[in-house]
Each structure stands twice: as C-alpha cells, then as structure tokens.
Amino acid sequence: MAARGQGLKTGRAGVLVMRAHHLVPPWGRLERFSRCSEHSGSRMTLWDGSFPFYPGVNASFRFDTTRAIIVSIFLSLLAAFIIILPGIRGRGRLFWLLRVVVALFVGAVVLTIQFTRDWETGCVTANTSYKSFSRALVNADVGLHIGLAGVNVTLVGNPVNQVNETINYNENFAWSFNADYDHSYSEGLNKGLPSPILYVAEKFTTQSPCSMHRQYRISGHYASLTLWMAFCTWLISILLFSMPILLYGGYMLLLTAALMLFSLLFFFTARNTPKCPIQFGPAPLKTDYGGSFWLTLGTGLLCLLLGLGVIILNSVWPEKLKLVFNLDEGKGEEEEGWDMSHLPAKPSSSEQEVLMVPLCELSEVATTWL
C-alpha cells in the first residue's frame, strides 16, 4: 500500500509536471534552450538567439506613413477635381485647373514638411567600430537627417552583410512636445544599437556639452508653429478666392509666404550656430540643407509671386484678373437676367401705342364703332 501510494503520488506529480510543461509558452522553452546551449559552450543558438515571429534585433525603422497619408489625400482631391473638369465650359477650364493644382500643391507642401526628416542632412563613409567592447571594424555609410521633430541616424554597411550580421539601421530619436529624447537614447543603449548610431545620437542629448539639443529643438518648435499658421492662412486664402474676394485673397497668400520664409529663418539660426564636430577617424560628418528646406523656400517664393500678381492685377488690369478667375461681364449679365425673370413681362409696342392714344380720339373711335 505504501509503495502503491508512493507510486500514485509520483504519477500525480508526473501529470502535474506534464501539465505545467504544456502550460509553458514556446518562447520560455526557447529561452531555456538558449541558456543550455550557452552553458554547453556553443555560440550559435536556435534562430541566432532571437525569438521567432518577432522583428530582428537590428530591424530598421519602420516607414513613416504620415507623409503617405497626406499625399494620398491631396492626390484624391486632385483626381476628384479632374473628374468634374469636363463640366466647366469655355476657356475658363484651363485657368480653373491651374488654380486647383497650385492650391493643392501649396497645401500639400505646407502640411507634409511638418513631418519630414530631411531639413538638414549629412553622410560620411568610414571604417568604424561596430559594437561596444568589440575590436571588429566595419566599413559603413553613417547618415544624419535632422527634421523639425527629431533626428534620424542611419547606418548601412558596405557591403550590407559584415561580421556575420546585416548592417542596415535607421533609428529615429524624437524631441517633440510628447516625446523624450533622452529616454529614446536610453532605449537605444538598452537595445544595444551600434556604436556609430549612439555616438551621433549622443551629440543631441540634453547632457551633451554641445548644446545642440536645445538649439535644434527650440528652432524646430518655432518653425513648426509658423508652418501651422501658414497652413491656416492658406485655407483662408482658398475661401476668399472662392467667394470671390480676390484682393484679400492675395493678401492672405502674401501672409502665407511670409510665414513660410520665417520658418526657414528660425531653422537657419540653429543651423548656423557653432556645433560640435562629429568625427569618424579622419572623416568628418558634415551636414547641409536638405530637400525639405529647399522645397519650403521654393513654395514660399511661389506664394509671394502669386500674391503680388493678384494685387498688381487687381489695381492695374482688373479685367484680366476677372478673366483668370472666370468672373467676366457676360456671366454677370446672365445672372442679372436670371434675377429679373420673376418680374412681369414688359408690354409690347402695339399695346403701348394704344395706351398713348388721347382720350378724345378714343371716344370718337368708340362712337363710330357703335
């Protein structure tokens, strides 16, 4: 009986162990497997030490869908306007299409450059250490991309596969109002990012003696604020042109251009302040103005020229301006005729002659007829 009871206990324990074994998740088993392989002295583990069905340790930064969404919305609006284009008659069709394309282009640019990361860019090719506490050197392209809301640091190997790894990194460190740059940098340290990325990102931390974080963060916030104001003035100009109040619409375009140029001025102040050098051996990482900066400058100058053109045409050749906005005189006369359609019809010429006959002649005609 004792042996039977002991076997029963062992059997129950075995059942419990089996049930507990089934309750262990697969990644727990993988962790035990990797630990065992480490103790056994082997360097390679299952899936190279990373969990299955999860992104790799050196997964590149995901694609920013904000710009894609904005561009898709404006392209959808343009497609809708092109569909209704055949319904516009006369020579005003071309002017109407030109106004729509320019308006949508300006709005898309003002809204998209808020989220781009290429206001200032730089790249260098160098032989640098790959990981901390490692003597392995890799040949890679180190890129720095500065935007209004943070920085992007890229690392691409030449070739991509080196030291038994795929070197293709794209890390974002944000400093917007709802983001903590130092916390993002600490997370990068915990993830074990490559040394070149951490070296560049460290230059923009709040503890860095370079003080670049404060300069770029403040200038980025002011530039973003002025761009949001430019987007609001662009909307107001669209409403004024559609009412139509052309002169004040031109004033709003001038204000939009001024705000966009002021945003460039704010970023220019941070760009031209003394900065700490970013050096990879003998090769320095130098930056220059990126595509978003030049796109903002070109769009601002375009709004400036359009606003001045509207104001000058309104004072010198108002008929030409009305022709561009499909406000010719024929349309006004047609609308005036529509407004008088509810009035009674004018009497004909024969009826007017009868009414203008003197009363004495009218009585003689009546007596003769009787």
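About the criteria used
- Residues numbered from 1 in each chain as written.
- Predicted model: local features only at pLDDT ≥ 70, side-chain atom pairs only at ≥ 80, totals over all residues.
- Heavy atoms only, no water.
- Phe/Tyr/Trp six-rings, centres within 6.5 Å; stacked < 30°, edge-to-face > 60°.
- Buried < 20%, exposed > 50% of the residue type's maximum accessible area, 1.4 Å probe, protein only.
- Helix = DSSP H or I, 4+ residues; strand = E, 2+ residues; numbered from the N terminus.
- Lys NZ or Arg CZ within 6 Å of the ring centre and 35° of its normal.
- Pairing = 2+ DSSP bridges.
- Core = buried A, V, L, I, M, F, W, Y, C linked by side-chain atoms within 4.5 Å.
- Contact = heavy atoms within 4.5 Å.
- pLDDT = per-residue confidence, 0-100.
- Patch = residues over 30% accessible without salt bridge, like charges linked within 9 Å, V, L, I, M, F, W, Y side chains within 5 Å.
- Areas by Shrake-Rupley, 256 points an atom, 1.4 Å probe, with all protein chains shown as cover.
- Salt bridge = Lys/Arg side-chain N within 4 Å of Asp/Glu carboxyl O.

J.: Looking at this structure, I do not really get the packing of aromatic side chains. What am I missing?
T.: Aromatic rings considered in pairs are described by the distance between their centres and by the relative angle of their planes. For the structure shown, the criterion picks out 20 aromatic pairs. A ring pair is formed by W175 and Y181, whose centres lie 6.1 Å apart and whose planes are at 35°; its orientation type is tilted. Side by side, W175 and Y181 carry an identical accessibility label, which is buried. Plain terms: the ring middles of W228 and F231 are 6.3 Å apart, the flat faces sit at 90° to each other, and that makes the pair edge-to-face. Of the two residues, W228 and F231 are both situated in helix α7 (residues 212-242); the distance of three residues between them amounts to about one turn of the helix. An aromatic cluster of at least three residues, connected via ring pairs, comprises W119, F173, W175, Y181, F204, Y216, F267, Y289, F293 and W294. Directly above the aromatic system of Y130 lies the positively charged group of K131, at a separation of 5.3 Å from the ring centroid.

J.: Got a minute to help me understand the pairing of strand β3 (residues 150-162) in this structure?
T.: Regular strands place their side chains on alternate faces of the sheet. Sheet topology places strand β2 (residues 137-146) next to β3; seven bridges connect them, and they run antiparallel. Bridging across to β3, I146 finds its partner in V151. Linking two consecutive strands that pair antiparallel, namely β2 and β3, is a turn of three residues. Bridge count between β3 and strand β4 (residues 165-174): nine bridges; the pairing is antiparallel.

J.: So what exactly am I meant to see when it comes to the nonpolar core here?
T.: Residues L144 and F204 are the most contacted members of the largest nonpolar core, which totals 60 residues. Looking at this core, the element that brings in the most residues is helix α4 (residues 92-112), giving nine residues. Apart from residues no more than four positions distant in its own chain, F204 is found in contact with L144, I146, V151, W175, Y181, M212, H213 and Y216. The next biggest cluster of nonpolar side chains, apart from the first, holds six residues, and it includes L253, V310, L321 and F325.

J.: What should I look at first to understand the confidence of the model for the chain in this one?
T.: A residue-level look at the chain finds 71% of positions with pLDDT of 70 or above and a mean pLDDT of 76. Between the elements of the chain, mean pLDDT differs from a low of 37, seen in helix α2 (residues 26-39), to a high of 93, seen in helix α9 (residues 291-316). Under a pLDDT of 50 for its full length, residues 329-343 has, in the predicted model, one contact with residues more than four places off or in other chains.

J.: What am I meant to see in a nonpolar patch on the surface here?
T.: A surface patch of nonpolar side chains, about 560 Å² in accessible area, is lined by I69, I73, L77, F81, I83 and I84. As for its placement among the helices and strands, I83 is situated in helix α3 (residues 65-83). Overall, I83 belongs to the exposed group, its relative accessible area being 65%.

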